[in-house]
Amino acid sequence: MDKKKFSKKYSSNLACAYPYLYEEIPIVDHEIMMDEIASIIGIVYGMIDDVELKQDLEWLCELSWHIGGSIRGKDCIDDETLNHVLFLYRKYFDKNKDLNRKRFTLPASTLEASYCELIRNKFKHSVRNLFLVEKKLNEIGISKKISDNIYDCLNICSNLFYNISLHLTIISGKEPKTFESKSFVLK
């Protein structure tokens, strides 16, 4: 990236939370968003006891940081990584087969499940943000193509966290609450 203009300088290293915060190009917004997602995944990790889910969440937490660094740095979201995200999606989708895609569910359940709904939304937001980052970079003359693997990982992770939320709701003994849209009709 050769157009990294900084609009402000840090007064000292101690007053620097992240070196690119005053950068004028929008990559830093993507990086901060992925850090936020990783942090919220960490909250869910700390709230649950399920060893297998904890391992999956730890991997997804690391994935978030890898995606965060893959725009400014080396793109490390390869086909193997994408396939593992797909594997996790199918794993949690299968746990919720009877509920999935038959209805919308409210993002209101246990605290852990609700945090997963927040993560779902943040991943969706990150797709939109990254699309706008790519567009802005190209508009200011920085030729940047974001890989389909990154976009696919972000989209699949959004759907994955919906399924993790359903899973956590079900194992808590609660019934997911159906949302009946007045705007859209599911068939």
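This is a predicted model, so every value here is computed, not measured. (Residues numbered from 1 in each chain as written. Predicted model: local features only at pLDDT ≥ 70, side-chain atom pairs only at ≥ 80, totals over all residues. Heavy atoms only, no water.)

Quick word on the packing of aromatic side chains
At step 1: Considering all chains together, one arrives at two aromatic pairs under this definition.
At step 2: Measuring from centroid to centroid gives 5.9 Å for Phe123 and Phe161, while their planes differ by 25°, and the two rings are stacked. Placement of the pair is Phe123 in helix α4 (residues 111-139) and Phe161 in helix α5 (residues 148-171), with a sequence separation of 38 residues.
At step 3: Its relative accessible area of 0% is what places Phe161 among the buried residues.
At step 4: Directly above the aromatic system of Tyr45 lies the positively charged group of Lys54, at a separation of 4.2 Å from the ring centroid. (Phe/Tyr/Trp six-rings, centres within 6.5 Å; stacked < 30°, edge-to-face > 60°. Helix = DSSP H or I, 4+ residues; strand = E, 2+ residues; numbered from the N terminus. Buried < 20%, exposed > 50% of the residue type's maximum accessible area, 1.4 Å probe, protein only. Lys NZ or Arg CZ within 6 Å of the ring centre and 35° of its normal.)

Some details on the side chain of Lys91
At step 1: Take Lys91: it is sitting in helix α3 (residues 79-95).
At step 2: In this structure the side chain of Lys91 is engaged in a polar contact, spanning 2.7 Å, whose partner is the side chain of Glu52.
At step 3: Excluding residues that lie within four positions of it along the chain, Lys91 makes contacts with Glu52 and Asp56. (Polar contact = N/O pair within 3.5 Å; in protein donor to acceptor, adjacent residues only side chain to side chain. Contact = heavy atoms within 4.5 Å.)

Some thoughts on the nonpolar core
At step 1: Counting 40 residues, the largest nonpolar core has Leu60, Phe123, Phe161 and Ile164 as the members making the most contacts within it.
At step 2: Looking at this core, the elements with two or more residues in it are α1 (27-47), α2 (51-69), α3, α4 and α5.
At step 3: Considering each element in turn, this core owes the most residues, 10 residues, to α5.
At step 4: Residue contacts for Phe161: discarding those within four places in its chain leaves Ile41, Leu57, Leu60, Cys116, Ile119, Arg120 and Phe123. (Core = buried A, V, L, I, M, F, W, Y, C linked by side-chain atoms within 4.5 Å.)

Here we look at α1
At step 1: Its 21 residues give α1 an end-to-end C-alpha distance of 31 Å, which sits within 8% of 30 Å, the value for a rise of 1.5 Å per residue.
At step 2: Looking at α1, one finds that the buried residues are Ile27, Val28, His30, Glu31, Met33, Met34, Ile37, Ala38, Ile40, Ile41 and Val44.
At step 3: Its buried side turned inward, α1 meets α2, α4 and α5. (Expected span 1.5 Å × (residues − 1).)

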